Amino acid sequence: SPSQVDMADLAQRLRIFDDVRLVVTLRHQAGLLPALWLEMAHHQKPPLPASFIARALGERAAAGVWLDFTRLHDQLLQGFDADAITLLDHAEVGTRPGGLFAALLDLALPGQVARLAGALPEAPPQGGTADSRLPAATEDHPLAMLAAQAVTALPVPDLDSLSLLAQAFGPSPADTPRSYLTTRAEQARLLATFEPSNAALQARLQTTQPDFHLTPPPAVGPQALFREDMTTEVWAGIAAALFRTGPARAALEDVPQTGLPGRIWRRILGMGLS
């Protein structure tokens, strides 16, 4: 949102209810930041990753969402008492039977989740996305989205191109991301920037939620692909693979090309490569 919610005004509007509680799920910034970029990329051409990450680290916010959760908590406290606010760990909630629905039910009706377990929905698979236009695999493949956008020149790449690239990156080992939007240096800075504020939030909640903790990101696997690993050879291979697919080729042919690059591009397209 362009402006923050006026929490005092919101609290005043909600006083018609006998009991009001705020429930907020928090995701570790190492997972939240690329998820925010991907959410933007699902609907429009997003900022370049380097500038997006640099701005997020500087402002401690991205796409209108606080990344410094102590500042988010400060905002909530402008209208609500600390004991009316419940923070949930996104990663931990996602592994519960029933997922977020069960967590909310447990807050509303303590002790009833076990009795109603048979009626609870299954927890959604990790790495899924609510946008049915996109393969679920893209959530842990930000570089697949980046590559598809760069090569197809489309603000929102077609599903076939995204699926092809997601498959090319291979299966995700042990629930770790298959690719990272950051460089290794940016990833280290991301962790160093937000670990102190995460620790401060956990210390602040000792009186109201002593068991709260934010699950850290999984360890980086030896085969992890960071943005800096996208060399010229990798980009060329991606372009060639996409060009060989019918839907991707059709999308490329529809992109208006002008000037000398356009003439070269049209000549390549006219060579009949497939």
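Structure shown above.
Residues numbered from 1 in each chain as written. Predicted model: local features only at pLDDT ≥ 70, side-chain atom pairs only at ≥ 80, totals over all residues. Heavy atoms only, no water.

1. Considerations on the side chain of D89
Looking at the element boundaries, D89 is found in strand β4 (residues 85-89). Of the polar contacts made by the side chain of D89, one reaches the side chain of T215; its length is 2.4 Å. (Helix = DSSP H or I, 4+ residues; strand = E, 2+ residues; numbered from the N terminus. Polar contact = N/O pair within 3.5 Å; in protein donor to acceptor, adjacent residues only side chain to side chain.)

2. Observations concerning the environment of W66
With respect to the helices and strands, W66 occurs in strand β3 (residues 65-66). Looking at W66, the relative accessible area reads 19%, which means it is buried. Considering only alpha carbons, one finds W66 and A56, 10 residues apart in sequence, at a separation of 9.2 Å. Dropping the residues within four chain positions of it, W66 is found in contact with Q4, L32, E59, R60, A61, R71, L72 and Q75. Of the polar contacts made by the side chain of W66, one reaches the side chain of Q75; its length is 3.0 Å. (Buried < 20%, exposed > 50% of the residue type's maximum accessible area, 1.4 Å probe, protein only. Contact = heavy atoms within 4.5 Å.)

3. What to know about the layout of surface pockets
Each pocket or cavity is described by its volume, and for the second largest pocket that value is around 510 Å³. Every residue lining the second largest pocket is counted, 22 residues in all, and those nearest its centre are G64, V65, W66, L72 and Q75. Breaking the lining of the second largest pocket down by element, the ones donating at least two residues are β1 (22-26), α2 (29-41), β3 and α4 (69-77). Looking at the lining of the second largest pocket element by element, the count peaks at four residues for α4. By residue class, the composition of the lining of the second largest pocket is 13 nonpolar, seven polar and two charged. (1 Å grid on protein atoms, 1.4 Å probe; cavity = no way out; pocket = protein on both sides within 12 Å on 5 of 7 lines; lining within 4 Å. Points joined across faces, edges and corners; volume = space filled by probe spheres on them. Nonpolar A, V, L, I, M, F, W, Y, C, P; charged D, E, K, R; others polar.)

4. Overview of the pattern of salt bridges
All chains considered together, the criterion is met by nine salt bridges. Put simply, R60 and D68 hold a salt bridge, and the shortest N to O gap is 3.6 Å. Among the residues examined, R60 registers a relative accessible area of 27% and is labelled partly exposed. Judged by its relative accessible area of 6%, D68 is buried. Between R184 and D229 there is a salt bridge; the shortest N-O distance is 3.1 Å. Of this pair, R184 sits in helix α9 (residues 184-204) while D229 sits in the loop between α9 and α10 (232-243); the two residues are 45 residues apart in sequence, bridging distant segments of the chain. For R184, a relative accessible area of 38% puts it in the partly exposed group. By relative accessible area, which is 22% here, D229 ends up partly exposed. Through salt bridges with shared partners, a single network forms among R184, E228 and D229. (Salt bridge = Lys/Arg side-chain N within 4 Å of Asp/Glu carboxyl O.)

5. Observations regarding the nonpolar core
Judged by nonpolar contacts, the single largest core of 46 residues is most densely connected at L26, L33, W37, F52, L67 and L87. Here the element with the most residues in this core is α2; it accounts for eight residues. (Core = buried A, V, L, I, M, F, W, Y, C linked by side-chain atoms within 4.5 Å.)

6. Focus on the packing of α4 against α9
Interaxial distance between α4 and α9 falls to 8 Å at its minimum, and their mutual angle equals 40°. Considering the angle they form, α4 stands oblique to α9. Listed contacts from α9 to F69, T70, H73, D74 and L77 of α4 are S197, N198, A200, L201 and R204. The residue makeup of the contact of α4 with α9, split by class, is four nonpolar, four polar and two charged. (Axes fitted to C-alpha atoms, helices over the stretch in contact; angles between N-to-C directions. Parallel < 35°, antiparallel > 145°, perpendicular 65-115°, else oblique.)

7. With respect to unusual backbone geometry
Of note in this structure, R60 is not a glycine but carries a positive phi near 55°. One can find R60 in the loop between α3 (49-59) and β2 (61-62). The backbone of A63 shows a phi angle near 55°, a positive value even though the residue is not glycine. Relative to the elements of secondary structure, A63 occurs in the loop between β2 and β3. For A63, a relative accessible area of 46% gives the class partly exposed.

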